[in-house]
Amino acid sequence: MTINGGAQNGIAQVNEVERTHLLTEATLSYVKDINTFNRINAVAGVTYENVLDRNFRSETSGFPDDAFMTNNLGAGDPTLANVNSYKGENTLLSYLGRVIYSLYDKYMITASYRIDGSSRFGEENKYGYFPSVALGWRLSDELFIPDLFSQLKLRASWGITGNQDIGNYNSIMTLTPGTVWLGDQAQPIVSPARKPNPDLKWEETTQWNVGIDYGFLNNRIQGSIDYYIKDTKDLLLDLPLPVSSGYASILTNLGGMKNSGFEFSVNARIVSRTDLSWRATFNISTQKNEVTDIGGLPSISMGWAKLTGNTTITRVGDPLNSYYGFNVIGFFESQEQINESAQPDADLGFPIIEDVNQDEAITPEDRVILGSQFADFGYGFGSILTYKNFTLDLFIQGENGADLLNVNTVQGMYPANFRRNRFAPLILDQWKPDNTDAAWPTAVNPYRYESYKVNNLVIEDASYLRLKTVTLSYLFSNIKLNMLESIRIYAKGQNVFTITDYSGYNPETNMFGSGATSRLDWNAYPVARVWMIGLDVTF
Amino acid sequence: MKTKVNILKYILVLPFLFAVSGCEDVLEEQIYSQLAPGNYLTTEAGIESAVGAVYNAFFNRTREGYRWLMDVFEAGYAYNEGGSFEARYAQIHEDFLLSSLSYQPYDSWSDFYTTIRNANIVLDNLDAGEFEQDFYNLKKAEALALRGYTYWRLYNYYGPTPIFTSSQPEEDKVARATEQEMMQRIESDLTEAIADLPVEQDDWGRITRGGAMGILCKYYLNTKQWDNAASTAQDIMDLNQYELQLNYQDIFDYGNKQNTELMVVIPSDAVNAGDWVIQGLTIPNDYVLPPGIATYAARLYGYDSFVDSFDDNDTRDDGFVLEYVNTTGATVPGYGVDKTLITFKYPLDPNGNGVARGFDFHILRYADILMSRAEALNEINGPNQESIDLINDIRERAGVDPFNLTDFASKEELRDAIFQERLWEFFIECKSREDMRRYGNFISSAQDRGKSAQDYMELYPIPQVEVEANPNCEQNPGY
């Protein structure tokens, strides 16, 4: 029971969320074999997509009894009732055309062109224009390629894609209604919902890709290798505005960034005999992110979180939304050390902040980039081993080089008050005169150094390797029992183990979702380790 | 069967119809749960709603409640224990550890500039539309009064700050105003508003002529424009609109909420627009409360020295709880261990709803105007009978012996008495910071308490997010 709920004789709330997604596609296709060597396949079409969101929420309090739960809001005090509803809509209208031409089934060219219109953009910028061209050359059909290659195909492509993954109504001014308590009554008010940006338009990514699909030994080993460069311009960024302007931010198309990397995958049938077979797959991809332009601004600070303030910075030449904060280079061990430092008011065991600009004071100017939210590379490994009727199937996944800001650590280092629950290591291994090689600063009066909340101690390497699934199964085949064909029994584990130095529950976590400017771990739910035994029966 | 096929056909044809007709309307955003400004803010109802939004930003009860408690911590007559704002707010302000990354400077900056933005929306739309003159004058005056007050609060906290007089400024990275520009803005907004504001408003909580004059008077006083402060105070007295309540407790009595001593308030209502800070964050949660009323973990404790400072006959400390029997029947000591509960100056709201109370924030009451005139006259002429009489009005109501002119040999002596009297009269009313800065002991008294306060901390830091988004806005020195 909460303080509020207890005092108000129960608060019940019912929330109803409804989404209607309408998709209409009309396409015409034209397939023509001009002769045995020349083939054309053309498609033209129009698609219409509409998403309608509605929700309804009602809440009341002052119940005679808890028994009603949320099943009878009418039993609460009607004067305390609170009702809201919402409706919002967005629409996409697209025209598309694509032509595939193939010659001798060896040389292929695909050209496509899309015009996408989104209701989310400004009056003049609703439509984005997205061409693409792809070339393919089936080398394995050429005589000069040795028979060792059962498959060899060279690919190259260029194309532009658009992003409209933003909220509705950002290009227009709307007024949010509300109430104010004036003259002993609630009177209606309206205030602007946002600073509108009538020039809002599609974010565009130009992607170059070259790749090879390969297969050896009758495709016993096959896979692909790719290299890509993605140049994104007119990034959809929620650009912070001076708070004095009355608005915290404006959604803007600004600047550009570049992503590039290799992708490699291999899939091998290592053993394939009647009694014993082993197949394995492996893939790895690298990624390099670099901001190329931020519209002439020196930097953009973002990623605001309630307990930490801004957590990231975007600068040309660095990865997008890099973690930005203070660098702790040790803990104070003596009063002389404090007196000579840029933090003369510090106490023993306080973190020593690097005085980057050497002005003998620790100010926000001393912040540096502390880490990147982008992984250097990610990989996956899968294996299926079958011996007679037994099968062992496993999948491993991992990522390397991404950092993660652990807000739980921030709360542990800087508790709202000293009685707060927090993670034990911060207390057990804190700096004390008899524990000077501690991992954490003193936990005595941490509020006195709390201006330095975003620092290298709370940003951790979130590299990990995880056994995602492992399954051992046994198949009873040849069952001669009426309709019963086979029975498979299995034991399966999910998230069996994770190898990581990350101190939180889950190095993969991102509490604000993948589109957030700052990747944060904040009271994230741990991933569950699941053990299952099961039975599959086939008739 | 036939119909089904037909429907399918139409569905398939639909996109082509858009394609052929080039129907742009399909992508027009439809607004359902909000309003479009164009046709709404041209009506009187629209303008009223926009004015309501100015009040709403000004009436941020949670943040205002925080500011009132920070004022207590910075003055150092009471302190906080517990609660989630202990380390984030209370200790930072008690110990003078503010930085540009702290919460309070950001919260206030953001509230104040939201109020200013909303006021500018009213002013711009009033000028753009066609309205009856009386309506135009009144709404303009309300918006200007709140904007002027808000610029004064900004100036009071941060020194001169960027000035916006339009809701659609050509440039949003505005440099800080000069002292002179800032003061002119505050004075002209308030003066212009006073000319058109009525002496009485139908709605409790709307700004009145007397309220705006009171704000201007306090601005003059805090900027040490003594003549203006004295004459504005006199003008307010001449309105014959306000009077002191007979007893100190009457000012805060829930049965007497809209009394004639109050000039500017943030009106509250426990159910509809409650405050949960002033009592929700100050009373220990083992204190026996009436049913339906709750409190959070934070507590506000007064120092013994503060309790001792009151005269035995003074009724202004009658609400102090020196010890209490808690929910488990144990007696909890307060006075003697620096833990007197001082918020009971504000009685418990009989209609309290959980942690929310219908606590009206008294931004300005008439007693302050009398004390302001007394202070200004002393600064101009030194000890004088009129100042003494004004102070005695306050003292006599509180039940303490009146002063005699002969008690004070110098301007400084009377000044000391005035500031002491102000603390007794206005504790937990968000006056201490500005009073102590005016008196000149804001930093030195903190240093005397052993805090690491330094001279530059007279002003709050500009919030870091502002400085980062607006390179033209220079940080206050020292931060």
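Predicted model, so just to flag it, every value in this text is computed and none were measured. (Residues numbered from 1 in each chain as written. Chains lettered and ligands numbered in written order. Predicted model: local features only at pLDDT ≥ 70, side-chain atom pairs only at ≥ 80, totals over all residues. Heavy atoms only, no water.)

Visitor: Looking at this structure, how should I read the overall build of chain B?
Guide: Each helix and strand counted, chain B has 17 helices and 6 strands in total. Dimensions of chain B along its principal axes, counting C-alpha atoms only, are 100 × 55 × 45 Å. Relative to its 479 residues, chain B shows a buried fraction of 59%. Excluding contacts between residues fewer than 6 apart, the proportion of contacts in chain B whose partners are at least 24 apart in sequence is 70%. In the form shown here, chain B has an accessible surface area of approximately 18400 Å², with 48% of it arising from carbon and sulfur atoms. (Helix = DSSP H or I, 4+ residues; strand = E, 2+ residues; numbered from the N terminus. Buried < 20%, exposed > 50% of the residue type's maximum accessible area, 1.4 Å probe, protein only. Contact = heavy atoms within 4.5 Å. Areas by Shrake-Rupley, 256 points an atom, 1.4 Å probe, with all protein chains shown as cover.)

Visitor: Even after reading the chapter, I still don't get the packing of helix 13 (residues 385-398) of chain B against helix 14 (residues 411-426) of chain B, so can you show me in this structure?
Guide: For any two helices packed against each other, the geometry comes down to the angle between their axes and how far apart the axes lie. All names here are of chain B. Where helix 13 contacts helix 14, the axes come no closer than 11 Å and their chain directions differ by 30 degrees. The angle between helix 13 and helix 14 falls in the class roughly parallel. Of the two possible hands of crossing, helix 13 and helix 14 adopt the one that is left-handed. Contacts between helix 13 and helix 14 involve S387, I388, I391, I394, R395 and R397 from the former and L414, I418, E421, W424 and E425 from the latter. Considered class by class, the residues forming the contact of helix 13 with helix 14 number 6 nonpolar, 1 polar and 4 charged. (Axes fitted to C-alpha atoms, helices over the stretch in contact; angles between N-to-C directions. Parallel < 35°, antiparallel > 145°, perpendicular 65-115°, else oblique. Left-handed = near helix turned anticlockwise from the far one by under 90°. Nonpolar A, V, L, I, M, F, W, Y, C, P; charged D, E, K, R; others polar.)

Visitor: I tried to follow the side chain of D349 of chain B on my own but got confused; where do I start?
Guide: Residue and element names in this part refer to chain B. Examined against the element boundaries, D349 turns out to sit in the loop between strand 5 (331-333) and strand 6 (361-365). Despite being buried, D349 has no salt bridge partner; K257 is the closest side chain of opposite charge, sitting 5.9 Å away. Of note is the side chain of D349, whose polar atom sits 2.6 Å from the backbone nitrogen of G358. Ignoring anything within four residues of it in the chain, the contact list for D349 reads Y254, A270, Q279, I293, R357 and G358. (Lys, Arg positive; Asp, Glu negative; His and termini not counted. Salt bridge = Lys/Arg side-chain N within 4 Å of Asp/Glu carboxyl O. Polar contact = N/O pair within 3.5 Å; in protein donor to acceptor, adjacent residues only side chain to side chain.)

Visitor: When you look at the side chain of K195 of chain A in this model, what are you seeing that I'm missing?
Guide: If you trace the backbone, K195 of chain A turns up in the loop between strand 8 (185-192) and strand 9 (203-216). For the buried residue K195 of chain A, which engages in no salt bridge, the nearest side chain bearing the opposite charge is D172 of chain B, 4.4 Å off. In this structure, K195 of chain A is in contact with L241, Y247, S249 and I250 of chain A together with D172 of chain B, ignoring residues within four places of it in sequence.

Visitor: How should a negative patch on the surface be read in this particular structure?
Guide: Among the surface-exposed residues, E123 and E124 of chain A together with D25 and E28 of chain B lie close enough to one another that they form a single negatively charged patch. The topology assignment puts E124 of chain A in the loop between strand 4 (107-118) and strand 5 (127-138). On the accessibility criterion, E124 of chain A (71% relative accessible area) is exposed. (Patch = residues over 30% accessible without salt bridge, like charges linked within 9 Å, V, L, I, M, F, W, Y side chains within 5 Å. Charge placed at Lys NZ, Arg CZ, Asp CG, Glu CD.)

Visitor: Whenever I open this one, empty space enclosed by the protein confuses me. Can you help?
Guide: One simple way to see leftover space: roll a probe sized like a water molecule over the atoms. If you walk through the whole model with that rule in mind, you get 9 cavities of 30 Å³ or more. Considering only enclosed or pocket space, the largest cavity measures out at about 350 Å³ in volume. Around the largest cavity, the lining is made up of 27 residues, and of these T308, G309 and N310 of chain A together with L101 and S102 of chain B lie nearest the centre. Put simply, the parts of the chain that give the lining of the largest cavity at least two residues each are strand 16 (322-325) of chain A together with helix 6 (103-128) and helix 17 (464-469) of chain B. When grouped by side-chain class, the residues that make up the lining of the largest cavity number 12 nonpolar, 9 polar and 6 charged. (1 Å grid on protein atoms, 1.4 Å probe; cavity = no way out; pocket = protein on both sides within 12 Å on 5 of 7 lines; lining within 4 Å. Points joined across faces, edges and corners; volume = space filled by probe spheres on them.)

Visitor: In this structure, what is going on with the interface of chain A and chain B? I would like to understand it.
Guide: Interfaces are frequently sized by the accessible area removed from exposure as the parts join. With 83 residues of chain A in contact, the opposing surface of chain B contributes 86 residues. When chain A packs against chain B, the two sides together hide about 6900 Å² of surface, and 60% of this comes from carbon and sulfur. Ranking the residues of chain A by area buried against chain B places W181, S244 and Y447 of chain A at the top, with a combined share of 11%. At the boundary of chain A and chain B, one finds 1 salt bridge. (Buried area = accessible area lost by both parts, 1.4 Å probe.)

Visitor: Looking at this structure, how should I read the sheet that holds strand 23 (residues 459-461) of chain A?
Guide: One key point about sheets: their strands pair by backbone hydrogen bonds, in either a parallel or an antiparallel sense. Residue and element names in this part refer to chain A. Ordered in space as 23-22-26, the 3 strands form an open sheet in which the pairing is mixed. Sheet topology places strand 23 and strand 26 (520-521) at the edges, where each strand pairs with a single neighbour. Bridge count between strand 22 (residues 403-406) and strand 26: 2 bridges; the pairing is parallel. Of the residues in strand 26, the one forming a bridge with L405 is L520. (Pairing = 2+ DSSP bridges.)

Visitor: Looking at this structure, I do not really get the pairing of strand 3 (residues 299-302) of chain B. What am I missing?
Guide: Regular strands place their side chains on alternate faces of the sheet. Residues and elements named next belong to chain B. Judged by which residues are buried, strand 3 turns out to be covered on both faces: R299 and Y301 on one side and L300 and G302 on the other are all buried. Judged from the 4 bridges that link them, strand 1 (residues 78-81) and strand 3 form a sheet pairing that is antiparallel. When the sheet's bridge partners are listed, A78 is paired in strand 3 with G302.

Visitor: What exactly am I supposed to notice about the domain arrangement of chain A here?
Guide: Each domain of chain A was delimited in the assignment, giving domain 1 (1-91), domain 2 (106-254) and domain 3 (327-363 + 415-452). For domain 2 of chain A and domain 3 of chain A, the distance between their C-alpha centroids amounts to 44 Å. (Domains from an automatic or database assignment.)

Visitor: Explain the packing of helix 9 (residues 209-222) of chain B against helix 12 (residues 366-381) of chain B here, please?
Guide: Residues and elements named next belong to chain B. Interhelical geometry of helix 9 versus helix 12 gives an angle of 35 degrees and a closest axis separation of 10 Å. In this structure, the crossing between helix 9 and helix 12 has a hand that is left-handed. Along the contact surface, helix 9 presents G214, C217, K218 and L221, while helix 12 presents D368, I369, S372, E375 and A376.

Visitor: In this structure, what is going on with the state of the cysteines? I would like to understand it.
Guide: Where two cysteines share a covalent bond between their sulfur atoms, that bond is called a disulfide. Residue and element names in this part refer to chain B. Taken as a whole and judged by the stated rule, the model has 0 disulfides over all chains. Left unpaired, C217 is separated from the closest cysteine sulfur, that of C430, by 17 Å. By relative accessible area, which is 0% here, C217 ends up buried. (Disulfide = S-S within 2.5 Å.)

Visitor: Just to check I follow, could you spell out the pattern of salt bridges for this structure?
Guide: Side chains that differ in charge, positive against negative, can pair when their charged atoms come close. All names here are of chain A. What the rule picks out here adds up to 54 salt bridges over all chains. D53 is the partner of R19 in a salt bridge, and the nearest nitrogen-oxygen pair spans 2.7 Å. With a gap of 34 residues between them, R19 in strand 1 (residues 11-33) and D53 in strand 2 (residues 38-61) connect regions that are remote in the sequence. You can call R19 exposed: its relative accessible area is 59%. With a relative accessible area of 19%, D53 lands in the buried category.

Visitor: Looking at this structure, I do not really get the sheet that holds strand 15 (residues 312-314) of chain A. What am I missing?
Guide: All names here are of chain A. Spatial ordering of the open sheet is given by 14-15-16-19, a layout of 4 strands whose pairing is antiparallel. Since the sheet does not close on itself, it has two edges, and those belong to strand 14 (300-302) and strand 19 (368-371), each with one partner. Across this sheet, the average inter-strand angle for adjacent strands is 50 degrees, counted without regard to direction. Across 3 bridges, the pairing between strand 16 and strand 19 is antiparallel. Bridged to Y324 within strand 19 is I369.

Visitor: What is the right way to read the layout of surface pockets from this model?
Guide: Taken as a whole, the second largest pocket encloses approximately 810 Å³ of empty space. If you trace the second largest pocket, you find 27 residues lining it, with N82 of chain A together with V271, N272, A273 and G274 of chain B closest to the centre. If you list the elements that add at least two residues to the lining of the second largest pocket, you get strand 2, strand 3 (82-103) and strand 7 (175-182) of chain A. Among the residues making up the lining of the second largest pocket, the classes are represented as 13 nonpolar, 12 polar and 2 charged.

Visitor: Any chance you could explain helix 4 (residues 61-75) of chain B here in plain terms?
Guide: Residues spaced three or four apart along an α-helix face the same direction, because each turn holds 3.6 residues. Residue and element names in this part refer to chain B. If you check helix 4, its first and last C-alpha atoms are 21 Å apart, about what 15 residues at 1.5 Å a residue would give, namely 21 Å. Of all the 15 residues making up helix 4, 13 are buried; the element is thus mostly covered by neighbouring parts of the structure. Taken from the residues just after helix 4, G76 is the one with a positive phi, measuring 85 degrees. (Expected span 1.5 Å × (residues − 1).)

Visitor: Sorry, what's going on with a nonpolar patch on the surface here?
Guide: A contiguous nonpolar surface patch, about 800 Å² in accessible area, is contributed by F37, Y104, Y107, W137, F144, L154, I212, I225 and F264 of chain A. By secondary structure assignment, the location of F37 of chain A is in the loop between strand 1 and strand 2.

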